[in-house]
Amino acid sequence: MSTSTHPLFAEALAALDLDVAVRTFPEGTRTAADAAAAIGCELSQIAKSLVFAADGVPVLVLMDGASRVDVEAVRRELGAAKVTRADAALVRETTGYAIGGVPPFGHRTRTRVLADRSLLVHEVVWAAAGTPHSVFPMAPEELIGHAGAVLADVREAAPPSQG
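Overview of the structure. (Residues numbered from 1 in each chain as written. Predicted model: local features only at pLDDT ≥ 70, side-chain atom pairs only at ≥ 80, totals over all residues. Heavy atoms only, no water.)

Concerning the packing of aromatic side chains
Per the counting criterion, the structure on display carries three aromatic pairs. Through a chain of ring-to-ring contacts, the aromatic side chains of Phe9, Phe105 and Phe136 assemble into a single cluster. (Phe/Tyr/Trp six-rings, centres within 6.5 Å; stacked < 30°, edge-to-face > 60°.)

With respect to the pairing of strand 3 (residues 57-64)
Of all eight residues in strand 3, six are buried, a share of seventy percent or more. Bridge count between strand 2 (residues 46-54) and strand 3: eight bridges; the pairing is antiparallel. Bridge pairing in strand 3 places Ala47 opposite Asp64. Counting the residues that bridge the hairpin from strand 2 to strand 3 gives two residues, and of these Asp55 lies at a positive phi of roughly 50°. Where strand 3 and strand 5 (residues 112-116) come together, four bridges link them in parallel fashion. Within strand 5, the residue paired with Val59 across the bridge is Arg112. (Buried < 20%, exposed > 50% of the residue type's maximum accessible area, 1.4 Å probe, protein only. Helix = DSSP H or I, 4+ residues; strand = E, 2+ residues; numbered from the N terminus. Pairing = 2+ DSSP bridges.)

Some thoughts on unusual backbone geometry
In terms of backbone geometry, most residues other than glycine have negative phi values and most peptide bonds are trans. Positive phi outside glycine occurs at Asp17, with the angle close to 55°. Topologically, Asp17 is positioned in the loop between helix 1 (7-15) and strand 1 (23-24). Given the relative accessible area of 71%, Asp17 is considered exposed. A positive phi angle, near 50°, is found at Asp55, a position not held by glycine. Looking at where Asp55 falls in the secondary structure, it is placed in the loop between strand 2 and strand 3.

Some words on the nonpolar core
Counting 28 residues, the largest nonpolar core has Leu62, Phe105, Phe136 and Leu143 as its most contacted members. Mapped by element, the contributors of at least two residues to this core are helix 1, strand 2, strand 3, helix 4 (88-95), strand 5, strand 6 (125-128), strand 7 (134-138) and helix 5 (140-147). Look past the residues within four positions of Phe105 in its chain and what remains in contact with it is Phe9, Leu13, Leu16, Leu18, Phe136, Met138, Leu143, His146 and Ala147. If you look at the next biggest cluster of nonpolar residues, it comprises 15 residues, including Phe52, Met63, Val83 and Val154. (Core = buried A, V, L, I, M, F, W, Y, C linked by side-chain atoms within 4.5 Å. Contact = heavy atoms within 4.5 Å.)

Some remarks on helix 2 (residues 32-39)
Buried within helix 2 we find Ala32, Ala35, Ala36, Ala38 and Ile39. Down the axis, helix 2 shows its buried residues gathered within 165° of arc, on one side only. Looking at the packing, one finds that the buried side of helix 2 touches strand 2, strand 6 and strand 7. The first or second residue beyond helix 2 is Gly40, which carries a positive phi of 85°. (Arc of directions from axis to C-beta.)

Regarding the pairing of strand 5
Among the five residues in strand 5, four count as buried, and that is most of the element. Direction of pairing for strand 5 relative to strand 8 (residues 150-152): parallel, over a ladder of three bridges. Residue pairing across strands places Ala115 opposite Leu151, the latter belonging to strand 8.

Observations regarding the pattern of salt bridges
Under the defined criterion, the tally for this structure stands at five salt bridges. Here Glu156 makes a salt bridge to Arg68, at a shortest N to O gap of 3.4 Å. Taken as a pair, Glu156 in the segment after strand 8 and Arg68 in the loop between strand 3 and helix 3 (71-78) lie far apart in primary sequence, 88 residues in all. Here Arg68 falls in the exposed class, since its relative accessible area comes to 58%. The residue Asp116 makes a salt bridge to Arg155 at a minimum N-O spacing of 4.0 Å. Residue Asp116 is found in strand 5, and its partner Arg155 is found in the segment after strand 8; the two are separated by 39 residues along the sequence. Exposure remark for Asp116: the relative accessible area of 2% places this residue in the buried category. What emerges from the salt-bridge pattern is a single network uniting Glu72, Arg75 and Arg76. (Salt bridge = Lys/Arg side-chain N within 4 Å of Asp/Glu carboxyl O.)

Structure, rendered in structure tokens:
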């Protein structure tokens, strides 16, 4: 484990005067499951940063690692006609990072951000620190604040249990 991070994210941390414990794992933290396994935390403690396009305009959605984004709920929340998942090129163009390493803040462009309320059930969540190998811990309220996010209910409903 080392403590390196993406230069753009390091700049953002410095600009916000944040001293966070960035942790780097050689085995990778590209997916929420990978990150939770590397850190040794619950899957829902991972804060995924996912980029979508709402009527062609990028929007970032922060979601707990155990849940999926309800695209229709995002569409309703934004009042958009159509919401789709962004491709890798749009993610990099908008944020400055590759998929699997997008942090919740410190992006190349200012983007609208929604944060699902499910993140608030934890004292600490872990988010990508700019690379597919680095993460950092933060209280969810602080993370949401630094991201400039609006709280929303955009988590896909759990399927009914079979029983």
